[in-house]
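Descriptive analysis of the structure
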Amino acid sequence: MPQISLIIPVYKVERQLNRCIQSIVNQTYSNLQIILVDDGSPDCCPQLCDEWSEHDSRIRVIHQKNAGLSAARNAGIDVACGEYIAFVDSDDFVEPDYIEVLYETLTSANADFSCCGLFNENEQLEPLSEQVEMDNDVFDTSVMISDPMFYKWQYVVAWNKLYKREIWDTLRYPVGRVHEDEFVYHQLLLKSTKVACTSEKLYHYVRRADSIMGEESSGAAADKTLAMLDRMDSLRGAGALSGPVLDTCVVSAVCSYLGAMRDPSVRERLHGLSVKVRELVRMASADMSSQLRILDVAGFRMNPYWYARVRQMFVLPAKRIARVMRGEGKEE
């Protein structure tokens, strides 16, 4: 039974931490290296981590100055000794056979990583209206890279998965970024050949109002824009950027870009990107009618000035380009 390293970044979760760690030490798969990374948490989390390490020899605690989720995950990866790596967010928790099922799913298919279904819950552990299903299947990453379905959030997130250790030999999370998973997911696909999925719901994703992802800030929107641009550049460089994925990335980049630009404090971070985003719209395939409707809706959520900007900068030029590509007229 090979060792599996399980990495848990810890920050300001003193009410949820014991529940998370308890669910991990109770795993039916016992050969674990449990890495708790205290990311400079100002509450009782550092003490709780140390207390757990005294009770379970499999637990290693890292205390570091606050540097964010990406830095905490990276610190865990750096000291991971297992043949496989998994991540759990410290305000979430897992079913007792979480690791065992993910390991069996991965090894039976000789996959590079495996993923499982999840419970999408609020803080009272009540199911939210948006429930996420996962199919029992094995996918070639050449198919996943080209299909927008596999860029839904349940595939992109770091947790609910088990990875072969070698995937992370040259890959780390971008320090200082929100939407860090969006920066890394396409790199994971490019480094893999096969992914195995199970429909069993083994991960409890608990949505807290005060968590990082509880509210989409302007800074987060700016990082989402940069992540989409990085994804398009990486996939294009690997010769793996399909038209449907390009369309989806363009819409996400444009909406995030315009949302972030409403905040003067983050405009400097995105200075000079408008030209690049416009160029990406021009690259998008002719089959963008549904995506353009999304942009129109996004425009209505903003004030009239920003709606005019949406149409002037992106929607109308893309519609003209789409007509030309369909042979319906000349580009203006």
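Preceding block: the structure.
Structural notes, computed from the coordinates. Just so you know, these numbers come straight off a predicted model, no measurement behind them.

Cut-offs used in this document
Residues numbered from 1 in each chain as written. Predicted model: local features only at pLDDT ≥ 70, side-chain atom pairs only at ≥ 80, totals over all residues. Heavy atoms only, no water. Axes fitted to C-alpha atoms, helices over the stretch in contact; angles between N-to-C directions. Helix = DSSP H or I, 4+ residues; strand = E, 2+ residues; numbered from the N terminus. Parallel < 35°, antiparallel > 145°, perpendicular 65-115°, else oblique. Left-handed = near helix turned anticlockwise from the far one by under 90°. Contact = heavy atoms within 4.5 Å. Nonpolar A, V, L, I, M, F, W, Y, C, P; charged D, E, K, R; others polar. Buried < 20%, exposed > 50% of the residue type's maximum accessible area, 1.4 Å probe, protein only. Pairing = 2+ DSSP bridges. Right-handed = clockwise from strand over helix to strand, strands pointing away. Expected span 1.5 Å × (residues − 1).

Focus: the packing of helix 7 (residues 180–190) against helix 8 (residues 218–237)
The N-to-C vectors of helix 7 and helix 8 enclose an angle of 20°; their axes lie 8 Å apart at closest approach. As judged from the angle between their axes, helix 7 and helix 8 are roughly parallel. Handedness of the helix 7/helix 8 crossing: right-handed. Counting all contacts with helix 7, which are made through Glu 182, Phe 183, Tyr 185, His 186, Gln 187 and Leu 190, the residues of helix 8 involved are Asp 223, Lys 224, Leu 226, Ala 227, Met 228, Asp 230, Arg 231, Ser 234 and Leu 235. Of the residues that constitute the contact of helix 7 with helix 8, the class distribution is 7 nonpolar, 3 polar and 5 charged.

Considerations on the pairing of strand 2 (residues 32–39)
Across the 8 residues of strand 2, 8 count as buried, placing the element largely inside the fold. As defined by bridge partners, strand 1 (residues 4–10) adjoins strand 2 across 7 bridges and the pair is classed as parallel. Bridge pairing in strand 2 links Pro 9 to Val 37. Note that the unit made of strand 1, helix 1 (residues 17–25) and strand 2 has a crossover that is right-handed. Of the crossover connections in this fold, the one passing from strand 2 over helix 2 (residues 45–55) to the parallel strand 3 (residues 59–64) is right-handed.

Some details on helix 8
For helix 8, with 20 residues, the first-to-last C-alpha span of 29 Å sits near the 28 Å given by 1.5 Å per residue. For helix 8, the buried fraction is high: 16 of the 20 residues fall into the buried class. Positive backbone phi, at 65°, marks Gly 239, one or two positions downstream of helix 8.

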